[in-house]
Amino acid sequence: MFKRKNSLNIYSKIRLYFWPEKGFLRNFSYFWKRLIRLPDTSYSISMGFSVGFFIAFTPFFGLHFIISALISWLLKVNIFSSIVGNFFASFISFPMMAMGMLTISNETNFEGWFDYLIYFAKTTFPIFSGILVVGLILSLICYFLINYIIEFFKKNKLKKGN
């Protein structure tokens, strides 16, 4: 019932895995509409979004969603908006961190664990301190922007009577 008329070959399946047929803009607009229509206070939604946005700027790759959900739960703000904020910020933070890692140090000669720890300290700590300042500024901007947009949307929704 839901199958295609013509099945896709392997190259088309791989291409669709990395680039959706309808594009990424459709996914962004879907998550944006879900975020705005959440039945929660504008403070909770915007604070959750900014928490997720900020956590995406930490160098804990692979743990961003878990950390942002945990901090949102501890602060009692919207967890879904935190995950959406983390998703949006990843497109900004990952390239910045990758460029920082490439420009700070290119050493790859490790003779033991101590050399690896020194390399880790030389690359991670400067990036961590610099990227957190950028993340804090951008998450504050996101908080006020998202809060204003949600208030505006909910006010217009009440005017229309929906």
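This text follows the structure it describes.
From a predicted model like this one, the values you see are computed outputs, not experimental measurements.

### Describing the packing of helix α5 (residues 79-104) against helix α6 (residues 113-160)
Step number 1: Put simply, α5 and α6 touch, their axes get as near as 10 Å, and they point 140 degrees apart. Once α5 is placed against α6, the crossing between them reads as right-handed. In this structure, α5 contributes M96, M97, G100, M101 and I104 to the contact, and α6 contributes K122, T123, T124, P126, I127, I131 and V134.
Step number 2: A class-by-class count of the residues in the contact of α5 with α6 yields eight nonpolar, three polar and one charged.

### Details of the side chain of S82
Step number 1: Within the element layout of this structure, S82 appears in helix α5.
Step number 2: Separated by 3.2 Å, the side chain of S82 and the backbone oxygen of S68 make a polar contact.
Step number 3: Setting aside chain neighbours within four positions, we find S82 in contact with G48, F49, V51, G52, S68, A69 and S72.

Criteria and cut-off values
- Residues numbered from 1 in each chain as written.
- Predicted model: local features only at pLDDT ≥ 70, side-chain atom pairs only at ≥ 80, totals over all residues.
- Heavy atoms only, no water.
- Axes fitted to C-alpha atoms, helices over the stretch in contact; angles between N-to-C directions.
- Helix = DSSP H or I, 4+ residues; strand = E, 2+ residues; numbered from the N terminus.
- Left-handed = near helix turned anticlockwise from the far one by under 90°.
- Contact = heavy atoms within 4.5 Å.
- Nonpolar A, V, L, I, M, F, W, Y, C, P; charged D, E, K, R; others polar.
- Polar contact = N/O pair within 3.5 Å; in protein donor to acceptor, adjacent residues only side chain to side chain.

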